Amino acid sequence: TTQEEQPTNPSPSENNDDAKVKKATLTVALTRELGKNSKIRSAVENHPMLGMLGIEDLQIVEMPCIQHARGENIDDLTELLKEEGALKDKYQYVVVTSPEAAKVLGEAMKTAGLEEAAAIGAKVVAVGKATEKALKTECNLSVDFVPSKANGETLALELPPVEGVDVTSVLYPASAKAADTIQEGLTSRTDGTFQVTRLNTYDTIPATFDEEQTRIMMEDVDIACFGSPSAVEAWLGNVDVALGIENLPDEDRQTAGNGDVLAACIGTTTAKACLESRRWESRKIYYPKENPGMEGWAESTGQALGDAMERKFWGGGW
């Protein structure tokens, strides 16, 4: 595969001259759906960087960029789970790559009348700790495999072929917006033969900001926390509307910026979405290279806070 340009994480300023530190206000936007931002909010509010920087007032605003809708294959999943033996005779693995996908799977199991987790009949794979927890709470399912890094590329590389079968069959209930990383990665493996059945069980729809949200986006926000490529796309869509350029070709919009915010991303996939949009410089994209997930996301946001402070109040680093 070709090597993609990677976003880079600039380091916070090392200038500790107390005479230059000003009490400051910074605004961070959380872009997940309402009610799903509590963990990242808590992690940011309690980040030690706040005290180190002398940030007197951190404004955290929820600005949901996406909402979820039924996917075109959700009924197919429910019918599949209703069959006698459920997945036992058809699939060796069911792969789940987000908490939302786990929630949708749990709802389908209930609709299909699967009250016992064992009735699903396949080994359960989670992309990371947050998805593993969601599978336990939403589906009462124990997870059999979690990759060493919480991303689809690593999952597809590390998932072991099942012994005793010629083809390892995988059921992949996913977002309609999810990339083809899982199926392409598994089917290109040389140490075993994988067959992937993808069902688009839910979709993500971009949210449209109202007048006040648009004002906050364009005038107040210093850092936007993105939990998915869909959130990045929706944010930029709202920026385009605010600037009146939503009908221009992509190449013309690429020079319009992003609302003048730093991007704090949950992982590499979301960071690449920012970079590939050509609306951010790589040095203004923050993401955990080794620890994708909530803890790494909070650390990346803390790093962005340091640079936002330097940028806004000390005038350095840019």
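Counting restarts for each chain, with residues numbered from 1 along the sequence as it is written. Per-residue local features of the predicted model are confined to residues with pLDDT of at least 70, and side-chain atom pairs are confined, for both listing and counting, to 80 or more; whole-chain, interface and lining totals are unaffected and use all residues. Side-chain metrics rest on all non-hydrogen atoms present in the structure, leaving aside hydrogens and water.

(A) Focus on helix α8 (residues 211–219). Only protein chains enter the accessibility calculation, which uses a 1.4 Å probe. A residue is then buried if its area is under 20% of the maximum for its type, exposed if over 50%, and partly exposed in between. Elements are defined by DSSP. Helices are runs of H or I of four residues or more, strands are runs of E of two residues or more, and each kind is numbered from the N terminus. Among all positions of α8, only T214, I216 and M217 are buried. Angularly, the buried residues of α8 cover 160 degrees about the axis, an arc narrow enough to put them on a single face. Exposed and oriented more than 90 degrees from the buried face of α8 are E211 and E219. Pairs of N or O atoms are called polar contacts if they sit within 3.5 Å, as long as, within protein, a hydrogen donor faces a hydrogen acceptor (for residues adjacent in sequence, only side-chain-to-side-chain pairs). Among the residues of α8, the N-terminal cap falls to D210, whose side-chain oxygen and the backbone nitrogen of E212 are separated by 3.2 Å. Taking the helix axis as origin, the arc is that swept by the directions to the C-beta atoms.

(B) Main features of the pairing of strand β9 (residues 262–265). Covered by surrounding structure in β9 are L262 and A264 together with A263 and C265, the residues of both alternating faces. In this structure, strand β8 (residues 223–226) lies alongside β9, joined through four bridges in parallel fashion. Its bridge partner lying in β9, A224 is registered against A263. Strand pairing is defined by DSSP finding a minimum of two bridges between the two strands. Bridge count for β9 against strand β10 (residues 285–286) is two bridges, and the pairing is parallel. Within the sheet, the bridge partner assigned to A263 lies in β10 and is I285. Note on the crossover from β9 through helix α11 (residues 268–276) to β10: the handedness is right-handed. A crossover counts as right-handed when, viewed with the strands pointing away from the observer, the path leading from the first strand over the helix to the second turns clockwise.

(C) The arrangement of the pattern of salt bridges in detail. The term salt bridge refers to a pairing of a side-chain nitrogen on Lys or Arg with a carboxyl oxygen on Asp or Glu at a separation within 4 Å. This structure, assessed with the given rule, holds 18 salt bridges. Of the charged contacts, one joins R41 and E45 as a salt bridge, the two residues approaching to 3.6 Å between their closest N and O atoms. Of this pair, R41 and E45 both sit in helix α1 (residues 38–45), four residues apart, roughly one helical turn. Under the relative-accessibility criterion, R41 is labelled partly exposed at 24%. Judged by relative accessible area, E45 falls into the partly exposed class, the value being 41%.

(D) Molecular detail of the nonpolar core. Residue types Ala, Val, Leu, Ile, Met, Phe, Trp, Tyr and Cys, when buried and joined through side-chain atoms within 4.5 Å, form a set referred to as a nonpolar core. One finds L81, L87, L105 and L135 to be the most contacted residues of the largest nonpolar core, which totals 28 residues. Only α3 (74–82), β4 (93–96), α4 (99–112), β5 (123–126), α5 (129–139) and β7 (194–206) provide two or more residues apiece to this core. Take this core: its biggest share by element is seven residues, from α4. Counting residues in hydrophobic clusters, the runner-up holds 26 residues, among them M63, C65, I216 and I285.

(E) View of the confidence of the model for the chain. Looking at the chain, the pLDDT average stands at 87 and 88% of residues meet or exceed 70. In this model, residues 1–5 is a region of pLDDT below 50 whose contacts with residues beyond four sequence positions or in other chains number four contacts. The score called pLDDT rates the predictor's confidence residue by residue, from a low of 0 to a high of 100. We call two residues contacting when some pair of their heavy atoms lies within 4.5 Å. In the model, residues 10–22 has pLDDT below 50 throughout and makes 23 contacts with residues more than four positions away in sequence or in other chains.

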